Amino acid sequence: MTANADPGSAVDALVEHGWVSLPHWLPDECVSQLRQLSEANWRAGRLRHAGVGRGAGFRVLPEVRGDRVLWLDDATADAATADFLASMEGLRLAFNRALYLGLDYFEAHLTMYPPGARYRPHLDHFRNSHHRVVSSVLYLNAGDWACADGGQLRLYLGSQPRGEHVDILPCGGTMVLFLSQRFWHEVLPAGRDRWSITGWFCRRPTAQI
Ligand code: OGA
Ligand code: MN
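Rules of the game
- Residues numbered from 1 in each chain as written.
- Chains lettered and ligands numbered in written order.
- Predicted model: local features only at pLDDT ≥ 70, side-chain atom pairs only at ≥ 80, totals over all residues.
- Heavy atoms only, no water.
- Pairing = 2+ DSSP bridges.
- Helix = DSSP H or I, 4+ residues; strand = E, 2+ residues; numbered from the N terminus.
- Contact = heavy atoms within 4.5 Å.
- Axes fitted to C-alpha atoms, helices over the stretch in contact; angles between N-to-C directions.
- Near = heavy atom within 4 Å.
- Polar contact = N/O pair within 3.5 Å; in protein donor to acceptor, adjacent residues only side chain to side chain.
- Donors = N, O, S within 2.8 Å, 3.2 Å for Na, K, Ca; no water.
- Buried < 20%, exposed > 50% of the residue type's maximum accessible area, 1.4 Å probe, protein only.

Section: the sheet that holds strand S9 (residues 175-179)
Part 1: One open sheet accounts for 7 strands, arranged S1-S9-S6-S11-S4-S3-S2; its pairing is antiparallel. In this open sheet, the two strands that pair with only one neighbour each are strand S1 (19-22) and strand S2 (48-49).
Part 2: Bridge analysis of S2 against strand S3 (residues 68-71) gives 2 bridges, and the strand direction is antiparallel. Residue His49 lies in a different strand from S3, and its bridge partner there is Arg68.
Part 3: Together, strand S4 (105-113), strand S6 (132-139), S9 and strand S11 (194-202) form the strand contacts of helix H3 (residues 79-99), whose direction differs from that of S11 by roughly 35°.

This is the structure:
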């Protein structure tokens, strides 16, 4: 395990603010391996248009959401992916120990926003389904990312998708965590390829009585 990921500061910030941005979550070497893995999957045509809604309500609407994704599973597991997943498992356990969040599992996909792609304001849960508790994004971009490159993650701090917000640049190695059901957020149109791993710590739905 090569990560310098420290769950402690993430737990503290999540309690205090409900969100946190952590630069250098994983070593540069690991981030660049994850980017290479993503690029190889992209070249192999494995990333698919993401959509909105699910089941019969699933739609691909590039004007709302223009990213391409590939779910991470054991088939895509290599050393860097294993390090990433181990760092997220450390977070899951820390959140459960300190905050009693009862997180059962973590799901994630490789994500690419081609130039011009965006994701309009949304909350990270489907209607009538609240199993996503904490959202995570690890950015995989190489080199500097300037404001002029666009593609910021805009996190709205109030209860509506307008007004006070923070803009986070998708710099390689930065990990962003936030409470999935509390924060409206959007991805502004990116001016260059924007790579990341987007994930969610989830609770298993409880049986309906
Ligand atoms: C998402 C999302 C944010 C980002 O995929 O649901 O909001 O910065 N991503 O990529
Ligand atoms: Mn989201």
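Re the site of ligand 1
Part 1: Taken together, Tyr119, His122, Asp124, Val137, Tyr139, Leu153, His185, Val187, Arg194, Thr198 and Trp200 make up the full set of residues adjacent to ligand 1.
Part 2: Here an oxygen atom of ligand 1 and a side-chain polar atom of His185 are 2.9 Å apart.
Part 3: Between ligand 1 and Arg194 there is a distance of 2.8 Å, counted from an oxygen atom to a side-chain nitrogen or oxygen.
Part 4: No other element matches S11, which puts 3 residues into the shell around ligand 1.

Side note on the coordination of the manganese ion (ligand 2)
The textbook angles at a metal center are 109.5 degrees for a tetrahedron of four donors and 90 or 180 degrees for an octahedron of six.
Part 1: Bound to the manganese ion (ligand 2) on the protein side are His122 (NE2), Asp124 (OD) and His185 (NE2), at distances that span 2.1 to 2.2 Å.
Part 2: Taken in chain order, the donor set of the manganese ion (ligand 2) reads H-x1-D-x60-H. One end of the pair, Asp124, is in the loop between strand S5 (119-122) and S6; the other, His185, is in strand S10 (residues 185-187), with 61 residues separating them in the sequence. In this structure, Asp124 and His185 share a single accessibility class: buried.

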